[in-house]
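Breakdown of the fold
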Amino acid sequence: SGTTSDAVNFCGCTAAIFQTPAAITGTSITFLGSIDAGATFSQIRDINGYPITYVVAANGVYPLDKNLFAGFEQLKFVMIAQDAERLIKVKPFSI
């Protein structure tokens with residue numbers, strides 16, 4: 001099981017960081033991306049076809065690699081094996 005976040009608007013931003021909460025049961029996050037203003041979301045994969053996956057821990061802060069996420073208008077975070085809904089803080093910005 002897992003939980004999927006609401007869409008986060010990244011349009012115009014070149015970088016982002018996210019923070020996991022203290023109370024999480026999930027240990028990894030994958031991402032859904034949209035390039036059409038949120039009409040369609042698809043799993044973001046690397047050049048070998050594998051889902052982009054971050055291994056995470058409680059109260060962790062993680063940068064999103066601009067080389068992997070550049071160009072997406074919106075992202076959704078998918079917490080794998082998360083039993084209950086939790087708030088992940090996301091801060092998109094430009095550098």
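Residues numbered from 1 in each chain as written. Predicted model: local features only at pLDDT ≥ 70, side-chain atom pairs only at ≥ 80, totals over all residues. Heavy atoms only, no water.

1. Quick word on the packing of aromatic side chains
The cut-off we apply is this: Geometry of aromatic contacts follows a simple scheme: Phe, Tyr and Trp rings, the Trp one being its six-membered ring, pair when their centres are within 6.5 Å, and the pair is stacked under 30 degrees between planes, edge-to-face over 60, tilted otherwise. Helix and strand labels come from DSSP, where a helix needs a run of H or I of at least four residues and a strand needs a run of E of at least two; each type is numbered from the N terminus. To sort residues, take the accessible area from a 1.4 Å probe on protein chains only and compare it with the maximum for the residue type: under 20% means buried, over 50% means exposed, and anything in between is partly exposed. Remark: a charge is flagged as sitting over a ring if the NZ atom of Lys or the CZ atom of Arg is within 6 Å of the ring centre and within 35 degrees of the ring normal.
Tallying each qualifying case throughout the model produces 8 aromatic pairs. Ring geometry for phenylalanine 18 against tyrosine 54: centres 5.7 Å apart, planes inclined by 50°, an arrangement best described as tilted. With phenylalanine 18 in strand 3 (residues 15-19) and tyrosine 54 in strand 6 (residues 53-55), this pair connects stretches of sequence that are 36 residues apart. Accessibility classification places phenylalanine 18 together with tyrosine 54 in one group, the buried group. Pairwise contacts between aromatic rings join Phe18, Phe31, Tyr54, Tyr62, Phe69 and Phe77 into one cluster. When the ring centre of phenylalanine 41 is taken as origin, the NZ or CZ atom of lysine 76, which lies over that ring, is 4.4 Å away.

2. Focus: the sheet that holds strand 3
Here is the rule we go by: Two strands pair if DSSP finds at least two bridges between them. Angles here are taken between N-to-C directions and fall from 0 to 180 degrees, while the axes themselves are lines fitted to C-alpha atoms, restricted in helices to the stretch in contact.
Read across the sheet, 3 strands follow the order 7-3-9 without closing on themselves; strand pairing throughout is antiparallel. Single-partner strands in this sheet number two, and they are strand 7 (61-64) and strand 9 (89-93). Sheet twist, expressed as the average angle between the axes of neighbouring strands with direction ignored, equals 20°. Of the pairings in the sheet, the one linking strand 3 to strand 9 comprises 5 bridges and is antiparallel in character. Across the sheet, the residue bridging to isoleucine 17 is lysine 91, located in strand 9.

3. Brief notes about the side chain of serine 34
We count it as follows: The definition of a polar contact used here is a pair of N or O atoms within 3.5 Å, where within protein one atom must be able to donate a hydrogen and the other to accept one, and adjacent residues in sequence count solely through side-chain atom pairs. Contacts: residue pairs with any heavy atoms within 4.5 Å of one another.
Inspection of the secondary structure puts serine 34 in strand 4 (residues 28-34). In terms of polar contacts, serine 34 uses its side chain to reach the side chain of aspartate 36, at 2.9 Å. Beyond its immediate sequence surroundings of up to four residues, serine 34 is in contact with Ala39, Thr40, Phe41, Phe72, Glu73 and Gln74.

4. Remarks on the environment of aspartate 46
One can find aspartate 46 in the loop between strand 5 (42-43) and strand 6. The partly exposed category is assigned to aspartate 46, whose relative accessible area is 28%. A distance of 2.8 Å separates the side chain of aspartate 46 from the backbone nitrogen of asparagine 48, its partner in a polar contact.

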